[in-house]
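# Coordinates in review
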Amino acid sequence: MTSWFDRLRDPSEKTLGVILLAPAFALLALIVVYPIGKLFYNSFFDMRLSGGQGSKWAGWQNYADMIKDGAFWEATWNTVLITVVTVPGALLVGLGLALLANLPFKRQWPVRLALLLPWALPLAFAGLIWAWFFHTEYGFINDVWMRFGGEPQMWLLSPVSAFTAICIAIIWKSSSFMALILLAGLQMIPKSLYEAAEVDGASRWQQFWQITIPMLMPSIVVALIFRTITALQTFDIPYTMTKGGPGNATETLAMYIHKTTIDYLDVGFGSTLAVGMFVLSLVLTAVYLRHISRQESA
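What counts as what
Residues numbered from 1 in each chain as written. Predicted model: local features only at pLDDT ≥ 70, side-chain atom pairs only at ≥ 80, totals over all residues. Heavy atoms only, no water. Helix = DSSP H or I, 4+ residues; strand = E, 2+ residues; numbered from the N terminus. Axes fitted to C-alpha atoms, helices over the stretch in contact; angles between N-to-C directions. Parallel < 35°, antiparallel > 145°, perpendicular 65-115°, else oblique. Left-handed = near helix turned anticlockwise from the far one by under 90°. Contact = heavy atoms within 4.5 Å. Nonpolar A, V, L, I, M, F, W, Y, C, P; charged D, E, K, R; others polar. Salt bridge = Lys/Arg side-chain N within 4 Å of Asp/Glu carboxyl O. Buried < 20%, exposed > 50% of the residue type's maximum accessible area, 1.4 Å probe, protein only. 1 Å grid on protein atoms, 1.4 Å probe; cavity = no way out; pocket = protein on both sides within 12 Å on 5 of 7 lines; lining within 4 Å. Points joined across faces, edges and corners; volume = space filled by probe spheres on them. Expected span 1.5 Å × (residues − 1). Bend = angle between axes of the 7 residues up to and from the residue. Polar contact = N/O pair within 3.5 Å; in protein donor to acceptor, adjacent residues only side chain to side chain.

### Some remarks on unusual backbone geometry
For the bond running from glycine 245 to proline 246, omega is -5°, close enough to zero to count as cis. Of note, proline 246 is situated in the loop between α11 (236-241) and α12 (253-263). Phi angles above zero are rare outside glycine, and lysine 243 is one such case at about 55°. Within the secondary structure, lysine 243 is located in the loop between α11 and α12. Of note, the phi angle at leucine 265 is positive, near 60°, even though the residue is not glycine. Position of leucine 265 relative to the elements: it lies in the loop between α12 and α13 (267-297).

See the structure below:
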């Protein structure tokens, strides 16, 4: 019977695979599994750092409080609404930008560089730019509005207009990321398919719907998964533009978690809220993955 030391000296393919993957699994456990496990663990404790009483076991009380918390449901609704509006919006704008960047320009690098600029900007900086755009006194939007005879509007002080402004800013910021993923997918489509379609008399519109969209669908699904997860975690742009105002009209779930944990120092309840956001992200990702598996099996 060979010992484990002998197996390490002359490993089989299976043993060699385990040895090579062990560092990656250890790193994954350190940066993913442990923080998520610690988050779930903290959610079962009453941990108020401001009280000076330490932590005590709370069981499911934090989850019961979360379900009864109206501010949690309002923040969740705002987050879901931002996701529903900005993810399809960013997909449509990103698809248009990707198709534009994929055109046979003589010099394509300026167009592709323009795609990278919004994506490369820090989220907080993008939020500050758009907060200036919609500023009541010296904002660009009001300047244009007044030149056409309109009265200056307090865009960020009205719930509807503030929410609209945030969605516009998020779509502008995230559409370049979608465009980069879709551009990579467009470049993987064989040109021979379009040449054959032209020979068969297919119009550009027919080529788009019968060749481009079906061949681009895997890239679209990947872009939607990444964009949906980040949309559910939206924090920087709403925070820098409105700080959740007016009132709590634009407060997202990530902002409510930040306020609960950092401002109120309620780590236990903040961890419970973070678990809720994690579960929501997990459910939506599972829906996307199930859609992918159905497409592959069809």
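### Quick word on the packing of helix α6 (residues 123-133) against helix α8 (residues 159-187)
Orientation of α6 relative to α8, taken along the N-to-C sense of each, is 135°, at an axis distance of 10 Å. Overall, the two elements α6 and α8 adopt an arrangement that is oblique. α6 and α8 meet at a crossing whose hand is right-handed. Within the contact between the two elements, α6 uses Leu123, Ala126 and Trp130 and α8 uses Ile168, Ala169, Trp172 and Lys173. Broken down by class, the residue content of the contact of α6 with α8 amounts to 6 nonpolar, no polar and 1 charged.

### Side note on the pattern of salt bridges
In this structure the tally under the stated criterion is 4 salt bridges. Aspartate 46 is the partner of arginine 48 in a salt bridge, and the nearest nitrogen-oxygen pair spans 3.0 Å. According to the relative accessible area criterion, aspartate 46 is buried, its value standing at 19%. Close ionic contact of aspartate 143 with arginine 147 constitutes a salt bridge, the shortest N to O distance being 3.0 Å. Of this pair, aspartate 143 and arginine 147 both sit in helix α7 (residues 140-147), 4 residues apart, which is roughly one turn of the helix.

### A short note on the side chain of threonine 86
The topology assignment puts threonine 86 in helix α4 (residues 70-101). According to the relative accessible area criterion, threonine 86 is buried, its value standing at 0%. Setting aside residues up to four positions removed in sequence, threonine 86 forms contacts with Cys167, Ile170, Ile171, Arg227 and Ala231.

### Focus on the layout of surface pockets
Of the pockets and cavities examined, the largest pocket occupies roughly 700 Å³. Lining the largest pocket are 18 residues, with Asn102, Leu103, Pro104, Tyr194 and Arg204 positioned closest to its centre. Within the residue set of the lining of the largest pocket, elements represented by two or more residues are α8, α9 (191-199) and α10 (204-232). At 5 residues, α10 tops the list of elements feeding residues into the lining of the largest pocket. Considered class by class, the residues forming the lining of the largest pocket number 8 nonpolar, 5 polar and 5 charged. Put simply, the second largest pocket is a space of about 330 Å³. Taken together, 15 residues form the lining of the second largest pocket, with Leu123, Lys173, Ser174, Arg227 and Thr230 sitting closest to its centre. Only α8, α10 and α11 provide two or more residues apiece to the lining of the second largest pocket. Top contributing element to the lining of the second largest pocket by residue count: α8, with 4 residues.

### Examining α10
With 29 residues, α10 extends only 36 Å from end C-alpha to end C-alpha; this falls clearly short of the ideal 42 Å at 1.5 Å per step. A bend of about 55° at methionine 217 is the largest found in α10, and the proline proline 218 appears one to four places after it.

### Thoughts on the side chain of threonine 240
Topologically, threonine 240 is positioned in helix α11. According to the relative accessible area criterion, threonine 240 is buried, its value standing at 18%. Within the structure, threonine 240 has its side chain in polar contact with the backbone oxygen of aspartate 236 (distance 2.8 Å). Reaching out from threonine 240, the side chain makes a polar contact with the backbone oxygen of isoleucine 237 at a distance of 3.2 Å. Setting aside its immediate chain neighbours within four residues, threonine 240 contacts Ala124, Gly127, Leu128 and Ala131.

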